[in-house]
Amino acid sequence: MFNYPKNLYTDVRIETVMTTNIVIENDQLKANKSKREKGALIRIYDGRRWYYKASSEVEKLQEAIDELALMAEPNEQVMNTPIVKKLEVNKDTLMVFDGEAFLNTANDEKMALVKHCASLIDADEIKMWQSIYQDRRIVKDFYSSKGSELHFDTQSYAMCLRYVIEANGQSHGGSYDVMGQTFDQLLNHDDEYKREIAKDIEYIKHAVPVKPGMYTVVMAPSVTGVFAHESFGHKSESDFMVGDETMLKEWELGRQVGCAELSIEDCGDWFGNGYVPYDDEGTKAKSTQIITHGILSGRLHSAATAAALNEEVSGNARAMNFQFEPLVRMTGTYIKPGKETIEEVFAPIKEGVYIECINHGSGMSTFTIAPRRAYMIRDGKIAEPVQVSVITGNVMETLYHIEALSTHFEALSFALGGCGKMEQWPLPVAFGGPYMRVSGINVQ
C-alpha cells in the first residue's frame, strides 16, 4: 500500500466517517446536517520518540509519510525496540454492518422519526424539549510497516428525547434514549418514551429532599455501569501509572481490591458504542479481566504502556478521530452479574436509597454520581421519591462494601456524548452491569 521509510516504524490509520444530526427544539428545527469526511493519521517511531501528522488529503499520504520521516532519525534496531515488539501484526477485513442500508436511509425517514418522537411530548409540565437523531458510520483502514492490513467498520444509530419539567416550583431535567446498529431498531418505542416522561413528571411532583447521611444504596444497571466506568475503569487505564511508583504499588496485580463477588471486565468486541474489533494501533480486541473475584487481575494498555510495564497489549489504544493520537481508553466496561434476584438485592435494606438513573458521574480515587431519579428504600421495597444532589464514596473502600449483585444484567451505551480524557471528548463507549447493593455511601 505504501513505501515505508527504511529503519523506522510507520503506521497509517485512514477513517471514512459519515454522520447525520437532526435536532428539533420546542417545535423549531435547529439542525439537519449530514456530513462525510475522510482523513488519516500517520505515526512514525524511531525508537526514541513518535512523530505524528494528520491529513485530510488522503490521496497524498505517501508524500506526507516521506515528509514526516525527515523529522525522525533512522534506527536499524527500531523493530526490536520494546514498543514496536508489542505492536501486533493483523490482517483482516471485518465489515459487519450494512453500509448500503446506512447510505440509503433517506433524510425524510430520519426527519419523520424525529417529528414523531417530538409529538410524544405533550404534557403541560414540559417547558423545554429536544428531539434528537444521530447516526454514525466509520470505516477504518489500518496499515503498518510491520505488515498489518485491516479494513473494518463500526456503526450506530440513536434517537433521544431531552426535556425540562416544571412542577410545584421545581425544575427537573429528563431524557430517554434508544440506540441500535440499524435504523429499524429505533422504531416503535412510543410506550417507552411515554413511560419515562410520565415517571419523570410523577417524580418531580412528589420528590422531597433526602435526609443527608450514610446509606446502603442500590444502583440500577445503568448506574452500576457508570460507577464501573468512572470509579474503576479510568484507574485501570495504565498511562496513569507509567512513571508513578506510588500508583503502581497501590495497583499491584494480584492484590485484593474489592469483595469476592466483584468482577469487572473491559471488552471491545461487545456490540454497542464501545465496539472496536481492532484498536487504533491495529491490536485485536480482547476481553480484559480488570478485577476477578475482588482481585486486581488486569490493566488497559497501548503498546507504549504495555512495554513500559512489561505486560501485554489489550486493544485499548483509541483516538477520538483521525486528528488525534491514540490514548489508553476504555471500550465496553461492565461489572459482571451476581447470584441474587432483584428482589433479594433489595430485601435486607431497612432504610436505604435506590438510584434509578443519573445525570452524570465522575471519579478516580473518589467517585461522584449525580442521580436523576432516586427513591427511598423502606423494609426492602422502593418507597417515596427523594431529591439527591450527589452520592460519593472512596473507590477503594466502596469496592469492599459491595454486598450483592443481581443475576439480571443490562448492557448500555452513551447515545450522545461519551467519555472524555485530556482533549479527546466525546469518545464512544459502552457500559453495563447488574443491580448492585452497596453499603456506606454518602448521600447528599
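From a predicted model like this one, the values you see are computed outputs, not experimental measurements. (Residues numbered from 1 in each chain as written. Predicted model: local features only at pLDDT ≥ 70, side-chain atom pairs only at ≥ 80, totals over all residues. Heavy atoms only, no water.)

A. Here's a closer look at the nonpolar core. Residues F232 and V443 are the most contacted members of the largest nonpolar core, which totals 57 residues. Ignoring any residue separated from it by four or fewer positions in sequence, one finds F232 in contact with F227, W251, V257, I264, I290, I291, L296, V395 and L399. Among the nonpolar cores identified, the runner-up in size contains 28 residues, and F102, V114, Y163 and I204 belong to it. (Core = buried A, V, L, I, M, F, W, Y, C linked by side-chain atoms within 4.5 Å. Buried < 20%, exposed > 50% of the residue type's maximum accessible area, 1.4 Å probe, protein only. Contact = heavy atoms within 4.5 Å.)

B. Structural detail: the packing of aromatic side chains. With the rule as written, the count across this model stands at 19 aromatic pairs. Look at W50 and Y52: their rings are 6.4 Å apart centre to centre, the planes differ by 25°, and that puts the pair in the stacked class. Note on Y52: relative accessible area 37%, which makes it partly exposed. Chaining the aromatic ring pairs together yields one cluster made of Y203, F346, Y354, Y375 and Y435. (Phe/Tyr/Trp six-rings, centres within 6.5 Å; stacked < 30°, edge-to-face > 60°.)

C. Region of the structure containing the pattern of salt bridges. Inspection of every chain in the model, using the stated rule, returns 28 salt bridges. The closest approach of N and O atoms between D239 and K421, which form a salt bridge, is 2.8 Å. Note that D239 is positioned in the loop between α6 (221–233) and α7 (245–250) and K421 in strand β21 (residues 419–421), a separation of 182 residues in sequence. The closest approach of N and O atoms between R299 and E311, which form a salt bridge, is 2.5 Å. One end of the pair, R299, is in the loop between β12 (295–296) and α8 (303–309); the other, E311, is in the loop between α8 and β13 (317–318), and 12 residues separate them in sequence. Across the pair, E311 and R299 agree in class, each one buried. Each of the salt bridges in this network shares a partner with another, and the network as a whole consists of E196, K199, D200, E356, R372 and R373. (Salt bridge = Lys/Arg side-chain N within 4 Å of Asp/Glu carboxyl O. Helix = DSSP H or I, 4+ residues; strand = E, 2+ residues; numbered from the N terminus.)

D. Spatial organisation of the pairing of strand β2 (residues 28–45). Here strand β1 (residues 9–25) runs beside β2; their pairing, made up of 17 bridges, is antiparallel. By the bridge assignment for β2, R13 is matched with L41. Where β1 folds back on β2, the antiparallel hairpin that results is connected by 2 residues, among which N26 adopts a positive phi of roughly 50°. Here 6 bridges tie β2 to strand β3 (residues 50–55), and the two strands are oriented antiparallel to one another. Bridge pairing links L41 to A54 in β3. Connecting β2 to the next strand, β3, in antiparallel fashion are 4 residues, including G47 with a positive phi near 95°. (Pairing = 2+ DSSP bridges.)

E. Examining a negative patch on the surface more closely. Where like charges cluster on the molecular surface, the negative patch consists of E59, E63, D66 and E67. The class for E67 is partly exposed, based on a relative accessible area of 48%. (Patch = residues over 30% accessible without salt bridge, like charges linked within 9 Å, V, L, I, M, F, W, Y side chains within 5 Å. Areas by Shrake-Rupley, 256 points an atom, 1.4 Å probe, with all protein chains shown as cover. Lys, Arg positive; Asp, Glu negative; His and termini not counted. Charge placed at Lys NZ, Arg CZ, Asp CG, Glu CD.)

F. Here's a closer look at the environment of K350. One can find K350 in the loop between α9 (342–346) and β16 (351–363). According to the relative accessible area criterion, K350 is exposed, its value standing at 65%. Separated by 302 residues in sequence, K350 and R48 have C-alpha atoms that sit 60 Å apart.

G. Fine view of the state of the cysteines. Summed over all chains, the structure comprises 0 disulfides. No disulfide involves C267; its sulfur sits 17 Å from the nearest other cysteine sulfur, which is in C419. The exposure class assigned to C267 is buried, which follows from its relative accessible area of 8%. Summary of cysteine pairing: C357 is not part of a disulfide, and the nearest cysteine sulfur, belonging to C160, is at 15 Å. (Disulfide = S-S within 2.5 Å.)

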